[in-house]
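Commentary on secondary and tertiary structure
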Amino acid sequence: MTALRFDDRGWKTYGASLSPDGSAFAYIVDEGTGYPRAAQRSLSRDGVGELRWVQLRSTGPVRKVVHSTDGRWLAVEIAPSGGEHHQVWVVTTDPDDDTAHRIAATRPDGRSFGTVGLVGWDTDWVLITAIDQDGTSHALRVHPGTGTTLTLDQRVGSVLIDSWKGATLVRVGPRGYHDMLLLRRRPESGDDEITMTPLLPQDPGAITDQGYLLDQGFDHSSLVFVPAPNEPARDLDSVQALVRSDFDAKFPRLLGVEVSKFGVRFRVMAQRVDIGLDEFAVSHDQSTVALLWNVRGCSELQIMTLPDQTLHPPIDLPGEVASDLSISAAGSVVTVTVSSPQHSPLVHLVDVANRQVFPVRDDVVAGEGPSCLLRPELMEFSARDGMPLSGFLFRAKRAAGTAVPGPTLLYFHGGPEGQSRPDYQFLFGPLVDAGITVFAANVRGSSGYGRLFAHADDRYGRYAGIDDAADCAVFLCRQGIADPDAVYCSGRSYGGYLTLACLTFHPELFAAGIAICGMSDLESFFRNTEPWIAVAAYTKYGHPEFDRELLADLSPIHRIDAVRAPLLVVHGAHDTNVPVSESQQIVAELQARGAVAEMLMFDDEGHEIVKRHNQHRLTEAVADWIARHPSRNRSSR
């Protein structure tokens, strides 16, 4: 096997949160020596200040970091050992005080929550979604200093989205069917009554999953609606919100919603033709909205000013894909994470007025890493039933004088609602440098292509989704990109399941497979995964009681006799999303039949492989598995 080259030029930085006054920011730093950690830096006209690590008494990758509304506190979500049982810690932003303490660790009755997720802040209170072991969600408002906890809502399968001055937004519904509720507490009723109002009319299959409550303290009557001449006097107790939703549309857009004594009404605030909204951020003074659009997998950043709702031209970004928007209170500064196939994620600062973008690169060593000239090609084609498919092709150079393509790896993203985009993937560069062409596929069920495409693999549509994976291989071979005798498949999470499905539903197409944290038996997956994950997944895969036959038929382990190709499975020992047993059981069954199957376990990882040296080991294992199983050995057992 050709020796692999890895990009160890510096740190990966992402997930930044600006302080409200724009004088500091916190972000997540992967320095390459362990789990990603949270850090803080000051920000001024003179540049970026020195790094201050956020010290937590818990070990695991940091998932999220958010400044409080007053800038005095920082809340951090961490996943101990990379697992699914998350914690939330708080620390002051005082550089002389690095004492952190954990909040919302247990229920009022002393029992432990299953997991705790950080949402944001309501004035100086932390907003949290805490989930019981049985899947019941608690929307909590916790004071970081005293630990006082108020329950805003409690229901199965819900997620707190925002809360501000007595109004609360809660997302409800399983995957692919997310609605938004407005909850209002009315203490004047005498019994602290809570009213509940759906934000949008019923639209099955629509997703409303991001929201921001506009401050009732501002005169914001014109932010969402301009009163008509014959309109009744504005309800001073009305609540207005901005939400990301594909309600009554093919792609997500920005909607403004008002709930008042006159009823509920909404209007489109920002939309683009055949382009979906990925995320948005609103300045606290409600003058500025930052928007990230998904343009065929690439990102465009736009600024919208309020109340005139002017959508300004896109701001050029130094990379193909962006995420993690944060905005200062006055809307003058935006932070965003930018990445590309050639460059790992890096936090950038955006000067909104001057439309300038500055990388935070004082912690990055310049130089060329592997595949610095890597250029993805967007390939578009049709499935056997006419469904449009696509993916990004990363071509390896052919050896001089070689007419036959080298090995080609189909890589499937997770989700299945994820999307393969031209961003940084630690696997791809070293593999392409080693002579392996990679095709990052977007089969039906992927996001970014409209709501119908995202739902096209639900339940019985899973068969067509598996056929899509085979059609990707056939397309690449017909185009002369891939050698029919040297096509391989791999993916993580749902992509790991799809890898196993490829080898069992279409065994004649693939020379070998590498499944990372994938489900081998959908029935045992539902039995053993976290309850809150199972409840959300019924609409995608089928119900374990009412769809038993479907789940059994779609489970690769029940088609194991069809496997011809060698299989490597990879798993993190702390994964409780897709339990380790999913990989263990299919390896055991294959080995019992005399098939070639091995397992690589990471003892310090969960559902994602996040440590840099483990990512290197995984990349080496993938390349080595392909090298050890060339086309002439594909039928050996």
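Residues numbered from 1 in each chain as written. Predicted model: local features only at pLDDT ≥ 70, side-chain atom pairs only at ≥ 80, totals over all residues. Heavy atoms only, no water.

1. What about the environment of Phe-475?
If you trace the backbone, Phe-475 turns up in helix H4 (residues 462-478). Separated by 96 residues in sequence, Phe-475 and Met-379 place their C-alpha atoms 9.9 Å apart. Leaving out residues up to four positions away in the same chain, Phe-475 has contacts with Met-379 and Phe-381. (Helix = DSSP H or I, 4+ residues; strand = E, 2+ residues; numbered from the N terminus. Contact = heavy atoms within 4.5 Å.)

2. Details of the sheet that holds strand E37 (residues 597-602)
Strand pairing in a sheet is mediated by backbone hydrogen bonds. Such pairs are either parallel or antiparallel. With mixed pairing, the eight strands of this open sheet are ordered in space as E30-E31-E33-E32-E34-E35-E36-E37. Since the sheet does not close on itself, it has two edges, and those belong to strand E30 (377-382) and E37, each with one partner. Pairs of neighbouring strands in the sheet enclose a mean axial angle of 20°, with direction left out of account. Across five bridges, strand E32 (residues 408-412) lies against strand E34 (residues 487-492) in parallel orientation. What sits directly across from Tyr-411, in E34, is Ser-490. (Pairing = 2+ DSSP bridges. Axes fitted to C-alpha atoms, helices over the stretch in contact; angles between N-to-C directions.)

3. Some details on the side chain of Thr-129
Take Thr-129: it is sitting in strand E11 (residues 125-131). A distance of 2.9 Å separates a polar side-chain atom of Thr-129 from the backbone nitrogen of Leu-160. Discounting chain neighbours no more than four positions away, the residues touching Thr-129 are Thr-115, Val-116, Gly-117, Val-119, Ser-137, His-138, Ser-158, Val-159 and Leu-160. (Polar contact = N/O pair within 3.5 Å; in protein donor to acceptor, adjacent residues only side chain to side chain.)

4. Examining the sheet that holds strand E19 (residues 239-245)
Spatial strand order, E18-E19-E20-E21: four strands in an open sheet with antiparallel pairing. The open sheet has two edge strands, strand E18 (208-213) and strand E21 (263-270), and neither has a second partner. Each strand of the sheet is rotated relative to its neighbour by a mean of 25°, with strand direction disregarded. Where strand E20 (residues 253-260) lies against E21, seven bridges are found, and the strand directions are antiparallel. Each bridged residue has a counterpart across the sheet, and for Ser-260 the counterpart in E21 is Gly-263.

5. Remarks on the environment of Val-170
Within the secondary structure layout, Val-170 lies in strand E15 (residues 167-172). In sequence terms Val-170 and Leu-254 are 84 residues apart; their C-alpha atoms lie 17 Å from each other. With near-sequence residues (within four places) excluded, Val-170 lies in contact with Asp-153, Ser-158, Val-159, Leu-160, Ile-161, Asp-179, Met-180, Leu-181 and Leu-183.

6. Remarks on unusual backbone geometry
Note the cis peptide between Leu-306 and Pro-307, where omega equals 10°. Position of Pro-307 among the secondary structure elements: in the loop between strand E24 (298-305) and strand E25 (310-311). Cis geometry marks the peptide bond from Gly-415 to Pro-416, where omega comes out at 15°. Summarising the element assignment, Pro-416 is placed in the loop between E32 and helix H2 (428-433).

7. Description of the packing of aromatic side chains
According to the stated counting rule, one finds 14 aromatic pairs in the structure shown. Measuring from ring centre to ring centre gives 4.1 Å for Phe-381 and Phe-475, while their planes differ by 5°; the resulting arrangement is stacked. Note that Phe-381 is positioned in strand E30 and Phe-475 in helix H4, a separation of 94 residues in sequence. Pairwise contacts between aromatic rings join Tyr-494, Tyr-497, Phe-525, Phe-526, Tyr-538 and Tyr-541 into one cluster. Sitting above the plane of the Trp-53 ring, Arg-37 keeps its charged end 3.7 Å from the centroid. In this arrangement the basic side chain of Lys-611 is found over the ring face of Tyr-35, its NZ or CZ atom lying 4.3 Å from the centre. (Phe/Tyr/Trp six-rings, centres within 6.5 Å; stacked < 30°, edge-to-face > 60°. Lys NZ or Arg CZ within 6 Å of the ring centre and 35° of its normal.)

8. Remarks on the pairing of strand E13 (residues 149-156)
Two faces belong to every sheet, and in a regular strand the side chains alternate between them. Note that strand E12 (residues 136-142) and E13 share seven bridges and pair antiparallel. Paired with His-138 across the strands is Gln-154, a residue of E13. Counted along the chain from E12 to the antiparallel partner E13, the turn is six residues long, and its residue Gly-147 has a positive phi close to 80°.

9. Brief notes about the pattern of salt bridges
Tallied over the full model, the rule gives 32 salt bridges. Arg-155 is the partner of Asp-153 in a salt bridge, and the nearest nitrogen-oxygen pair spans 2.7 Å. A relative accessible area of 9% places Asp-153 in the buried class. Salt bridges sharing partners connect three or more residues here, namely Arg-107, Asp-109, Arg-111 and Asp-132. (Salt bridge = Lys/Arg side-chain N within 4 Å of Asp/Glu carboxyl O. Buried < 20%, exposed > 50% of the residue type's maximum accessible area, 1.4 Å probe, protein only.)

10. Remarks on the nonpolar core
Core analysis: the biggest nonpolar cluster contains 55 residues, and Leu-410 and Phe-439 have the highest contact counts within it. At eight residues, helix H5 (residues 494-505) tops the list of elements feeding residues into this core. Apart from the residues within four sequence positions on either side, Leu-410 is in contact with Phe-439, Ala-469, Cys-472, Ala-473, Leu-476, Val-487, Tyr-488, Cys-489, Ser-490 and Phe-510. (Core = buried A, V, L, I, M, F, W, Y, C linked by side-chain atoms within 4.5 Å.)

11. Topic: the confidence of the model for the protein chain
Per-residue confidence for the protein chain gives a mean pLDDT of 91, with 92% of residues at or over 70. This stretch, residues 364-368, has a pLDDT under 50; its non-local contacts, to residues over four places away or in other chains, come to eight contacts. Here residues 632-637 is a poorly scored stretch, pLDDT under 50, and it has 18 contacts once near neighbours within four places are set aside; other chains count. (pLDDT = per-residue confidence, 0-100.)

12. Some points on the packing of H4 against H5
At a minimum axis separation of 9 Å, H4 and H5 run at an interaxial angle of 80°. Considered as vectors, H4 and H5 are oriented roughly perpendicular to each other. For the pair formed by H4 and H5, the contact residues are Arg-462, Tyr-463, Gly-465, Ile-466 and Ala-469 on the first element and Tyr-494, Tyr-497, Leu-498, Ala-501, Cys-502 and Phe-505 on the second. Of the residues contributing to the contact of H4 with H5, the split by class is nine nonpolar, one polar and one charged. (Parallel < 35°, antiparallel > 145°, perpendicular 65-115°, else oblique. Nonpolar A, V, L, I, M, F, W, Y, C, P; charged D, E, K, R; others polar.)

13. A few points about the side chain of Thr-337
One can find Thr-337 in strand E27 (residues 333-339). Side chain to side chain, Thr-337 and Asp-324 meet in a polar contact 3.0 Å long. Non-local contacts of Thr-337, meaning those with residues more than four positions away in its chain, are made with Thr-13, Tyr-14, Gly-15, Val-321, Ala-322, Ser-323, Asp-324, Pro-345, Leu-346 and Val-347.

14. Points about the pairing of E15
Most of E15 is tucked away: six of the six residues are buried. Here E15 shows a buried face lined by Ala-167, Leu-169 and Arg-171 and a second buried face lined by Thr-168, Val-170 and Val-172. Where strand E14 (residues 159-164) meets E15, five bridges bridge the pair, whose relative direction is antiparallel. Following the sheet pairing, Trp-164 is matched in E15 by Ala-167.

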